[in-house]
Structures are given as C-alpha cells and as structure tokens.
Amino acid sequence: MIEQPDDLGGLLMRATRGMRRRWLEALEPVGVSPHEFRALVAIDQAESPRVGVVAQELRINPRSATEVVDSLELMGLVLREPDPTDRRAVRVLLTDRGREVLATGQRVRRESHEAHLRGLTPQERQQLGALLRRVIETSSD
C-alpha cells in the first residue's frame, strides 16, 4: 500500500524502521543485539538491579529477562552476585567488558542516529524533538 502524504503514522513508522535497520547494522560489530544492548543500559542505569527490575525496564516477562541476562553473562558482559539485603535474590552487575561494550554501543548509536538525521537542520531537529516529545507525552500508556 502506498502511503498518503497525510499518513503521519505511516511516515513515522517508515522513518523508525529505517532508523532501526541502520542501528542493527551499526551495532552488529559490537557483538550484541539491540535487545541485549537495552539490557546493558537498564543494568547500568539501575546500578546492579535484580533480574525482575531488568524485566520491568525492558517491558518483558522475568523469564525472558533471565534469558537475556544469561546471554550477557555467557559473553562476559555481566555477572550475578548475591543481593546483600536478601540472600535468596541475586543482582546483576556490568563487568569491565560490559561497560566497554555499553560505551561502544552508545557511541555507535549516536553515530547511527546522527547519520539517519543528517538531512535535517539543527532547527528542524529541535522542532522534530519537540513534536515527538509531545506525541509521547499525550499517548503514553
């Protein structure tokens, strides 16, 4: 189906698909998937969270979060340690290698997004950002 000029939803989806495709290609040499990268970000921001917190941040079920953490652990990017406040629970921490991959992924993401938006002037970027923030605010769950 050909999009109509006033099909803003379709245009936005097409733009985000292109951005995601570019992001997938840029992230490939880093060695993690976008989902794994998002988990690294969540673990870093939450400062050694439990797996349940990672699941909440990624909006996935705890079992799926456990699988993502397992994968990251196999790659040597995270490690599990006992929770000092609850001996039945474990926390997830980034390793030094995990912090390196996170930093590289963040740089690659910025560069990928910059390349995708290079056709916009600084003023247009600012305007687009304001409009997207408004759309997010008015449509949030």
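Below, the structure is looked at part by part. This structure is a prediction, so every number in the text was calculated from the model and none was measured.

### Digging into the packing of helix 2 (residues 34–46) against helix 3 (residues 51–58)
Okay, step 1: The geometry of helix 2 relative to helix 3 is characterised by a closest axis approach of 9 Å and an angle of 120 degrees between their N-to-C directions. When the axes of helix 2 and helix 3 are compared, the pair comes out oblique. Judged by the twist between their axes, the crossing of helix 2 over helix 3 is right-handed. Contacts between helix 2 and helix 3 pair H35, R38, A39, A42, I43 and A46 from the former with V53, V54, E57 and L58 from the latter.
Okay, step 2: Here the contact of helix 2 with helix 3 is built from residues that sort into 7 nonpolar, 1 polar and 2 charged.

### Brief notes about the side chain of D83
Okay, step 1: Counting through the fold element by element, D83 comes out in strand 1 (residues 78–83).
Okay, step 2: When its relative accessible area of 3% is taken as the criterion, D83 is described as buried.
Okay, step 3: A distance of 2.9 Å separates the side chain of D83 from the side chain of R50, its partner in a polar contact.
Okay, step 4: Filtering out sequence-adjacent residues up to four positions away, D83 remains in contact with R50, A89, V90 and R91.

### A look at the nonpolar core
Okay, step 1: Of all hydrophobic cores here, the largest spans 24 residues; its most connected members are V32, F37, L40, I43, L72 and V78.
Okay, step 2: It is helix 2 that contributes the most residues to this core, 5 residues altogether.
Okay, step 3: Filtering out sequence-adjacent residues up to four positions away, F37 remains in contact with W23, L27, V32, L102, G105, Q106 and R109.

### So, the pairing of strand 1
Okay, step 1: Two elements, strand 1 and strand 2 (residues 86–94), share 6 bridges in a ladder whose sense is antiparallel. Within strand 2, the residue paired with E81 across the bridge is R91.
Okay, step 2: Here strand 1 hands over to strand 2 after 2 residues, the two strands then running antiparallel side by side.

### Remarks on helix 4 (residues 62–74)
An α-helix turns once every 3.6 residues. As a result, residues three or four positions apart point the same way.
Okay, step 1: For helix 4, built from 13 residues, the straight-helix expectation of 18 Å at 1.5 Å per residue is met to within 8% by its first-to-last C-alpha distance of 18 Å.
Okay, step 2: In this structure, the buried side of helix 4 is in contact with helix 2, helix 3, strand 1 and strand 2.
Okay, step 3: Where helix 4 begins, one side-chain oxygen reaches toward the backbone nitrogen of R63, 3.1 Å away; that side chain belongs to N61.
Okay, step 4: Downstream of helix 4 by one or two residues, G76 has phi in the positive range, about 80 degrees.

Rules used throughout
Residues numbered from 1 in each chain as written. Predicted model: local features only at pLDDT ≥ 70, side-chain atom pairs only at ≥ 80, totals over all residues. Heavy atoms only, no water. Axes fitted to C-alpha atoms, helices over the stretch in contact; angles between N-to-C directions. Helix = DSSP H or I, 4+ residues; strand = E, 2+ residues; numbered from the N terminus. Parallel < 35°, antiparallel > 145°, perpendicular 65-115°, else oblique. Left-handed = near helix turned anticlockwise from the far one by under 90°. Contact = heavy atoms within 4.5 Å. Nonpolar A, V, L, I, M, F, W, Y, C, P; charged D, E, K, R; others polar. Buried < 20%, exposed > 50% of the residue type's maximum accessible area, 1.4 Å probe, protein only. Polar contact = N/O pair within 3.5 Å; in protein donor to acceptor, adjacent residues only side chain to side chain. Core = buried A, V, L, I, M, F, W, Y, C linked by side-chain atoms within 4.5 Å. Pairing = 2+ DSSP bridges. Expected span 1.5 Å × (residues − 1).

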